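A structural walkthrough
So you can see what is in the structure, the chains are spelled out below.
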Amino acid sequence: MSGQHIGRRNLLLAAAASVAVPGRAAWSQAEPPIHVVKGRGCECCEAWVDYLREQGFTVTDEVSMGTLLIRFKMDQGVPAKAFSCHTGVVDGYALEGHVPAADIRRLLAERPDAVGLAVPDMPYGSPGMGSEDSRDAYDVLLIRRDGELEVYTSYPAA
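**A word on the sheet that holds strand β2 (residues 59–63)**
Strand order in the open sheet formed by seven strands is β2-β1-β3-β4-β5-β6-β7, and the pairing between neighbours is mixed. Only two strands of the sheet have a single partner each, and these edge strands are β2 and β7 (149–155). Strand-to-strand, the axes of this sheet are offset by a mean angle of 20°, without reference to chain direction. Pairing of strand β3 (residues 87–90) with strand β4 (residues 93–97) involves four bridges; the strand directions are antiparallel. Bridge assignment links V90 to a residue of β4, and that residue is Y93. Where helix α2 (residues 43–54) meets the sheet, it contacts β1 (34–38), β2 and β4, and its direction lies at approximately 165° from that of β2.

**Some words on the pattern of salt bridges**
One pass over the structure, following the stated rule, counts 11 salt bridges. The partner of D113 in a salt bridge is R145, and the shortest N-O contact between them spans 2.8 Å. Taken together, the residues D113 in the loop between α4 (101–110) and β5 (114–119) and R145 in the loop between β6 (138–144) and β7 connect sequence positions 32 residues apart. Using a relative accessible area of 57% as the deciding quantity, one classes D113 as exposed. For the salt bridge of E132 with R135, the shortest nitrogen-to-oxygen distance reads 2.8 Å. You can call R135 buried: its relative accessible area is 11%. Residues joined by salt bridges that share partners form a network here, namely K38, E46, R53 and D61.

Rules used in this analysis
Residues numbered from 1 in each chain as written. Predicted model: local features only at pLDDT ≥ 70, side-chain atom pairs only at ≥ 80, totals over all residues. Heavy atoms only, no water. Pairing = 2+ DSSP bridges. Helix = DSSP H or I, 4+ residues; strand = E, 2+ residues; numbered from the N terminus. Axes fitted to C-alpha atoms, helices over the stretch in contact; angles between N-to-C directions. Contact = heavy atoms within 4.5 Å. Salt bridge = Lys/Arg side-chain N within 4 Å of Asp/Glu carboxyl O. Buried < 20%, exposed > 50% of the residue type's maximum accessible area, 1.4 Å probe, protein only.

Below, the structure is given as structure tokens:
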């Protein structure tokens with residue numbers, strides 16, 4: 001009789017472990033948090049942070065202004081020709097401007113030897129910049145370590 005009791009206990013423990021393991025696996029595969037440095041009162045910066053959260057990212061943000069914000073961008077390796085209104089950092093990569101979530105996920109999956117991604121000039125219809133249904137065409141640029149930019153993803157006008 002005691003052998004059946006131990007067997008049942010082991011069965012219950014095994015069942016509990018099989019339920020707990022997927023939770024741990026999902027947690028270990030969670031995306032790294034994004035930290036965003038933005039200008040005070042910038043509505044499109046707020047909209048991009050909200051968009052990232054809606055896409056499932058954990059986002060922290062802080063306000064910086066003027067030369068301090070520019071210094072932050074430069075410290076991340078973002079060249080002036082790629083500047084936009086805010087800069088994020090995620091797992092060692094810079095995210096300059098209104099970078100779509102799909103491109104961030106692709107960057108994290110592919111892990112290229114690069115500074116990060118940029119969407120310069122705040123194009124209409126990019127995340128946080130108005131309706132995607134009537135967006136302007138724009139490119140997401142990969143920032144190479146030497147400061148060169150190359151097209152990572154192109155979004156056509158809608």
